[in-house]
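Chain by chain, the residues:
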Amino acid sequence: MQIDCDWTEQSKDMYFDFLKTLKKQLGNAKLSATIRLYQYKYRTKTGVPPVDKGMLMIYNVSNVKEYSTNNSIFDKDEAEKYMDGVAKYPLPLDFALPAFAWAVVYHDNKFSCMMRDIKPITSDTCSFLEKEWPVYKVKDDYVYGKVYLRKGDQIKIEHVSDDMLIDAAKLARKCSNTDTLNVAIFELDEVMKNKFSHETIEAAFNSLR
């Protein structure tokens, strides 16, 4: 069983108590917890969860709310900052690699909201946008699903390329601390499955061997 929680220094005691209680209920079953890059580097502050193993998430490397952020999902140089000079993690690690995209909406260069479904935005049918990949400009006020977009708003598409997926796998290899591990690719929905070739996914896995 795996528990996903972005705990903080303030919430760790309550969260860790929950994990201890849950582990007692599981008997011989293994308990895993997701580990963010921040929690990986600053383990003396955030603590190490009382579980059998962790899954290090090699993505969400920067603040998505900052307009100047290049790509908050994955940036090799930013991700490396969480790993350089850091000792191996005291729990056996599995890894989650990024394979997703989203749209970030900014109003007057300030974060407004996020949208996960980017396919309609990037299609040729979105007449309310001036398209200049990866940042689109809203031409007229428009209601997109449940999101109210105002004229002049900017929509930045953040995504993961083939090279970025492989780079993430290579960085994971640097953090590997066990001979046997699991690798998850998050998230291979229909759009992303069509984006990444079998060869790219195989190359990512091979980077961890």
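One structure accompanies this document, and this report is about it. (Residues numbered from 1 in each chain as written. Predicted model: local features only at pLDDT ≥ 70, side-chain atom pairs only at ≥ 80, totals over all residues. Heavy atoms only, no water.)

Some details on the sheet that holds strand β5 (residues 102-107)
In space, the 5 strands of this open sheet follow the order β6-β5-β11-β8-β7, with antiparallel pairing throughout. A strand with exactly one partner marks an edge of an open sheet, and here the two such strands are β6 (110-115) and β7 (129-132). The average undirected angle you get between the axes of adjacent strands in this sheet is 25 degrees. One ladder, built from 5 bridges, connects β5 with β6; its direction is antiparallel. (Pairing = 2+ DSSP bridges. Helix = DSSP H or I, 4+ residues; strand = E, 2+ residues; numbered from the N terminus. Axes fitted to C-alpha atoms, helices over the stretch in contact; angles between N-to-C directions.)

Some thoughts on the pattern of salt bridges
By the definition in use, this model includes 9 salt bridges. Across the salt bridge formed by Glu 78 and Lys 81, the nearest N and O atoms sit 3.0 Å from each other. Note that Glu 78 and Lys 81 are positioned in helix α4 (residues 76-81) at a spacing of 3 residues, about one turn of the helix. Given the relative accessible area of 26%, Glu 78 is considered partly exposed. Each member of the salt-bridge network shares a partner with another, and the members are Lys 76, Glu 80, Asp 84 and Lys 174. (Salt bridge = Lys/Arg side-chain N within 4 Å of Asp/Glu carboxyl O. Buried < 20%, exposed > 50% of the residue type's maximum accessible area, 1.4 Å probe, protein only.)

What to know about helix α1 (residues 12-26)
Taking 1.5 Å as the rise per residue, α1 with 15 residues should run 21 Å; its terminal C-alpha atoms sit 21 Å apart, in good agreement. Along α1, the residues that are buried comprise Lys 12, Tyr 15, Phe 16, Leu 19, Leu 22 and Leu 26. Around the axis of α1, the buried residues are gathered within 120 degrees of arc, so they sit on the same side. The exposed set on the far side of α1, more than 90 degrees from its buried face, consists of Asp 13, Met 14, Lys 24 and Gln 25. Against β1 (2-3), β2 (32-35) and α3 (43-46) lie the buried residues of α1. Downstream of α1 by one or two residues, Gly 27 has phi in the positive range, about 70 degrees. (Expected span 1.5 Å × (residues − 1). Arc of directions from axis to C-beta. Contact = heavy atoms within 4.5 Å.)

Regarding unusual backbone geometry
Cis rather than trans, the peptide bond between Phe 186 and Glu 187 has omega equal to -5 degrees. As for its placement among the helices and strands, Glu 187 is situated in the loop between β12 (183-186) and α7 (190-195). If you check the backbone angles, Asn 60 has positive phi at about 55 degrees while not being a glycine. Relative to the helices and strands, Asn 60 is located in the loop between β3 (53-57) and α4.

Observations concerning helix α8 (residues 198-206)
Restricting attention to buried positions, one finds in α8 the residues Thr 200, Ile 201 and Ala 204. Considered in projection along α8, the buried side chains sweep an arc of 95 degrees and stay on one side of the axis. Counted as exposed and oriented over 90 degrees from the buried face of α8: His 198 and Glu 199. In this fold, the buried residues of α8 make contact with β4 (93-98), α6 (162-175) and β12.

Focus: the nonpolar core
With 50 residues, the main nonpolar core has Tyr 40, Leu 56, Ile 58, Phe 74, Phe 95 and Leu 97 as its most contacted residues. Counting residues per element, the ones that place at least two in this core are α1, β2, α2 (37-41), β3, β4, β5, α6 and α8. Ranked by residue count, the leading element in this core is α6, at 7 residues. Setting aside chain neighbours within four positions, we find Phe 74 in contact with Ile 58, Val 61, Ala 79, Pro 98, Met 164, Asp 167, Ala 168 and Leu 171. Of all hydrophobic cores here, the second largest spans 17 residues; its members include Ala 101, Val 105, Tyr 136 and Ile 155. (Core = buried A, V, L, I, M, F, W, Y, C linked by side-chain atoms within 4.5 Å.)

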